[in-house]
Amino acid sequence: METALEYISLYGLKIVVAIVIFVIGKFLARKVADLIASFMEKAEVDPTLVQFAKSLTYFGLLLMVTLASLNALGVNTTSFIAVLGAASLAVGLALQGSLANIGAAVLIIFFRPFKVGDFVEAGGAVGTVEEINLFSTIISPVDNRTIIVPNSAIIGGNIVNFSKKDTRRVDITFGIGYDDDLKLAKETLVELLGSDERVLKDPEPFVAVSELADSSVNFITRTWVKSEDYWGVYFDTIERVKLTFDEKGISIPYPQMDIHLNKEQN
């Protein structure tokens, strides 16, 4: 009985403190994980990434709480930390590529260069983002293919988000022959661009002579449209300009070379 009382007096308080630390720490770990998941859901992050981040946060904090509880109990945790560090290093080396993709996914979550539904150019692919998961981003181009791009390839290169802004500028160059009426061509372009209801009035369409090229006089046209109207305006403008130029006798020359022959006098 005396021995039991001695052990209880020696370890009883440590056991109680260790249990309290574990219970409170576990509760706080779950609350922090839920809070992070809530912020990510409000940011409209992919549900797979939300669940992964929540689990990773919870188990990471729970591991720290467990070590703190063992330390309060008087257990030397140095050996546990050393073993855990060695195991983490081995796993990290074995899964280096996968961990790089997961790290890139975390960067995409927090910096949000794009979201699901955006039309982007990233990792060598161009298309609409369909899904962002732990290891890759799924992009669907306009021909309805599926391109799976590793997240590390996306973060490691340039990202062009065509859906980030509400408006985009449509730049198209048109060439006419040197013998054509330059003023008529310019007036025709201004009229065509201004008559398209999808073209924004502010900023107003811009038309100017940009180059006296080898075979043509080139006009640059710049119009602002809503992002969703970009390709419709782009293709329609090219077609309408060609048809209207044909009606008014304005030529669109192809590359050519004039050769002049001089006769030698004997």
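Use the structure listed above.
All of the points below concern the structure found in this document.

Thresholds, definitions, all that
- Residues numbered from 1 in each chain as written.
- Predicted model: local features only at pLDDT ≥ 70, side-chain atom pairs only at ≥ 80, totals over all residues.
- Heavy atoms only, no water.
- Helix = DSSP H or I, 4+ residues; strand = E, 2+ residues; numbered from the N terminus.
- Contact = heavy atoms within 4.5 Å.
- Polar contact = N/O pair within 3.5 Å; in protein donor to acceptor, adjacent residues only side chain to side chain.
- Expected span 1.5 Å × (residues − 1).
- Buried < 20%, exposed > 50% of the residue type's maximum accessible area, 1.4 Å probe, protein only.
- Arc of directions from axis to C-beta.
- Pairing = 2+ DSSP bridges.
- Axes fitted to C-alpha atoms, helices over the stretch in contact; angles between N-to-C directions.
- Parallel < 35°, antiparallel > 145°, perpendicular 65-115°, else oblique.
- Left-handed = near helix turned anticlockwise from the far one by under 90°.
- Salt bridge = Lys/Arg side-chain N within 4 Å of Asp/Glu carboxyl O.

## Comments concerning the overall build of the protein
Move 1: When helices and strands are tallied, the protein shows seven helices and eight strands.
Move 2: Of all intrachain contacts in the protein linking residues separated by at least 6 positions in sequence, the fraction that spans at least 24 positions is 63%.

## Quick look at the side chain of Thr-137
Move 1: Of note, Thr-137 is situated in strand S3 (residues 136-140).
Move 2: In terms of polar contacts, Thr-137 uses its side chain to reach the side chain of Asn-151, at 2.8 Å.

## Side note on helix H7 (residues 230-248)
Move 1: The terminal C-alpha atoms of H7 lie 27 Å apart, and with 19 residues this matches the ideal 27 Å at 1.5 Å per residue to within 8%.
Move 2: Taken residue by residue, H7 has Tyr-230, Val-233, Thr-237, Val-241, Thr-244 and Phe-245 as its buried positions. Within H7, the buried residues cover an arc of 100 degrees as seen down the axis, which keeps them to one side.
Move 3: Where the residues of H7 are buried, they touch strand S6 (167-176), helix H6 (182-195) and strand S8 (217-226).
Move 4: Just downstream of H7, Gly-249 is the residue with a positive phi angle, here 75 degrees.

## Some remarks on the sheet that holds strand S1 (residues 119-122)
Move 1: Spatially, the five strands line up as an open sheet ordered S4-S3-S2-S1-S5, and their pairing is antiparallel. Each having just a single partner strand, strand S4 (147-150) and strand S5 (159-161) make up the two edges of the open sheet. Strand-to-strand twist across the sheet, computed as the mean angle between neighbouring axes with direction ignored, equals 45 degrees.
Move 2: Two elements, strand S2 (residues 125-132) and S3, share four bridges in a ladder whose sense is antiparallel. Bridge assignment links Thr-128 to a residue of S3, and that residue is Ser-140.

## Regarding the packing of H6 against H7
Move 1: Between H6 and H7, whose axes approach to 11 Å, the crossing angle comes to 140 degrees. The angle between H6 and H7 falls in the class oblique. Seen along the crossing, H6 lies across H7 with a hand that is right-handed. Contact residues: Leu-184, Ala-185, Thr-188, Leu-189, Glu-191, Leu-192, Leu-193 and Ser-195 in H6; Thr-237, Arg-240, Val-241, Thr-244, Phe-245 and Lys-248 in H7.

## Brief notes about the sheet that holds S6
Move 1: The strand order across the open sheet formed by three strands is S6-S8-S7, and the pairing between neighbours is antiparallel. Edge positions in the sheet fall to S6 and strand S7 (206-212), since each of these pairs with one other strand and no more. Recorded for the sheet is a direction-independent mean angle of 25 degrees between the axes of neighbouring strands.
Move 2: Most of the contacts of H6 go to S8, to which it runs at about 10 degrees, and overall it touches S6, S7 and S8.
Move 3: The sheet strands contacting H7 are S6 and S8, and the helix crosses S6 at an angle near 20 degrees.

## A look at unusual backbone geometry
Move 1: The linkage connecting Asp-202 with the following residue, Pro-203, adopts the cis geometry, with an omega of 0 degrees.
Move 2: Relative to the elements of secondary structure, Pro-203 occurs in the loop between H6 and S7.
Move 3: Phi is positive for Asn-144, which is not a glycine, with a value near 70 degrees.
Move 4: Along the chain, Asn-144 turns up in the loop between S3 and S4.

## Section: the pattern of salt bridges
Move 1: If you walk through the whole model with that rule in mind, you get eight salt bridges.
Move 2: With a shortest N-O distance of 3.3 Å, Lys-115 and Asp-118 are connected by a salt bridge.
Move 3: Taking the relative accessible area as the measure of exposure, Lys-115 reaches 35% and is therefore partly exposed.
Move 4: Asp-118 sits in the buried class, given a relative accessible area of 6%.
Move 5: For Arg-169, the salt bridge identified is with Asp-171, shortest N-O distance 2.9 Å.
Move 6: For Asp-171, a relative accessible area of 33% puts it in the partly exposed group.
Move 7: Through salt bridges that share partners, Asp-196, Arg-198, Asp-236 and Arg-240 make up one connected network.

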